[in-house]
Amino acid sequence: MKQEFFIMSLLIPGPKSHGNNIDVFLQPLIEELNELWNIGIETYDASTKDIFQMRAALIWTINDFPAYGTLYGWCTYGRFACPSCNINTQSRKLKHGRKICHMGHRHFLKSGYKYRNDAKSFDGTKETRSAPCPVIGSVVLNQVKDTKFTLGQSSELSKDNLEARLDLKEMKIRPSLWPQYRASGRAYLPPTFFTMSPMEKELFYEALQNSKFPDGYASNISRCFRKRKISGLKTHDFHVLMQELLPLTLRRSVDKRGGDSRSYCSRKCSDEIEHETSKEECLFPVVGESYGGVDVFELDEKIWLQAHRHVLFNCESEVVENYKKEHIAEIKRAHLKRRLTQHQLDRVHFDTFHEWFKEQVKELEATHNILKDVKVLARGPSYIAKKI
């Protein structure tokens, strides 16, 4: 099927989604889809100037795991929550927390992967099973043909509480998190390695609120904060938040209490790459350590230009601001006969300032002492970049 015959429709629920009640809203859609596939609808073809019977089909849907359970009727919680493992899902009911936990996810890893033999960091056992084979549709239909579904929503939420810590003790894992009883008889729950102090929380919120991105890369996350709650983000913004911001904003909380933080572990680049990147002067000094895997790559011209413009138009330098004003004044003088609108002026200023600024600094460098930071800003970033 050609791409021009594809239609992608989106269904993005708001803060109050319909949950299982979405069946009521989907029923008319299902009826129309059945009619379009079994009977079709008369449609006029403009190219042949003829009427034909058009048919349509829903090929697939893309959704997250909770929506998977809502849309397809597979219970994504409970003993058989994994649709890939099906009835072979390895689950366990916690004695104190009275919740179902799933500790068999390591069998999806490749054979010989180091986490398979790491019993201490997981449930105290080594994983030897292979990944499950996908379940074919006929098997699933045979399993659910006599099933009666009961709609309803649960308000129970998972928590890090005393019951959860007692379950860790029952399973004989993570002894550092087992509850400790004081002389008064009250239970004390040791903080986890990801627990944040009030000061760390303030730094965390401040870092998120002051984050800036290039135009079109993500929403303005600072506007989505209301009383320490985030709302109004799009799906792409959540990906940016998880992959780009959290590894940076959570640095102070990770690994400071000796917890298992291998998901944020740092790796150093090879000496050859370090030598290559050290050739360039750096305007922004490296502070602290980098967490996560370091991927070194080369910027193409488009990304390099976007990075250069983003730094120039967002740096808080009085010298650069003066150059911006001078550049705008020069643009106005060059268009005296045909006066530009404010939008046109901003566009020309944005498109040409980096080159104009570079030429100005290059001319003055021969006769004047130019600040080192200004020279670095005019030259632009290095083409060798690191992604954490």
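A.B. asks: Can you lay out the overall build of the chain for me, pointing to particular residues and giving the numbers?
C.D. replies: The helix and strand inventory of the chain stands at 11 helices and 10 strands. Out of the 388 residues belonging to the chain, those deemed buried represent 23%. Put simply, of all contacts in the chain between residues at least 6 apart along the chain, 52% involve residues at least 24 apart.

A.B. asks: So what's going on with the environment of Asp123? Which residues, and what values?
C.D. replies: By the element assignment, Asp123 lies in the loop between β4 (100-101) and α3 (137-144). Asp123 sits in the buried class, given a relative accessible area of 14%. Along the sequence, Asp123 and Arg174 sit 51 residues apart, while their C-alpha atoms lie 8.8 Å from each other. Contact partners of Asp123, with chain neighbours within four places excluded, come to Met103, Arg106 and Ile173.

A.B. asks: Could you give an account of the confidence of the model for the chain, with specific residues and numbers?
C.D. replies: Per-residue pLDDT for the chain has a mean of 77; in total, 81% of the residues score no lower than 70. Mean pLDDT across the secondary structure elements of the chain bottoms out at helix α7 (residues 271-278), with 41, and peaks at strand β2 (residues 50-54), with 90. This stretch, residues 150-156, has a pLDDT under 50; its non-local contacts, to residues over four places away or in other chains, come to seven contacts. Overall, residues 255-281 carries pLDDT values under 50, and its contacts beyond four positions in sequence, including any with other chains, amount to 46 contacts.

A.B. asks: I'd love a proper account of the nonpolar core, names of residues and values included.
C.D. replies: If you look at the biggest cluster of nonpolar residues, it comprises 14 residues, and the most contacted ones within it are Phe204, Leu208, Ile221, Leu241 and Leu245. Going through the elements one at a time, α5 (198-209) and α6 (235-249) are the ones with two or more residues in this core. A total of four residues in this core trace back to one element, the largest contributor, which is α6. Once residues within four sequence positions are removed from consideration, Ile221 is found in contact with Leu208, Ser211, Phe213, Leu233, Leu241 and Leu245.

About the criteria used
Residues numbered from 1 in each chain as written. Predicted model: local features only at pLDDT ≥ 70, side-chain atom pairs only at ≥ 80, totals over all residues. Heavy atoms only, no water. Helix = DSSP H or I, 4+ residues; strand = E, 2+ residues; numbered from the N terminus. Buried < 20%, exposed > 50% of the residue type's maximum accessible area, 1.4 Å probe, protein only. Contact = heavy atoms within 4.5 Å. pLDDT = per-residue confidence, 0-100. Core = buried A, V, L, I, M, F, W, Y, C linked by side-chain atoms within 4.5 Å.

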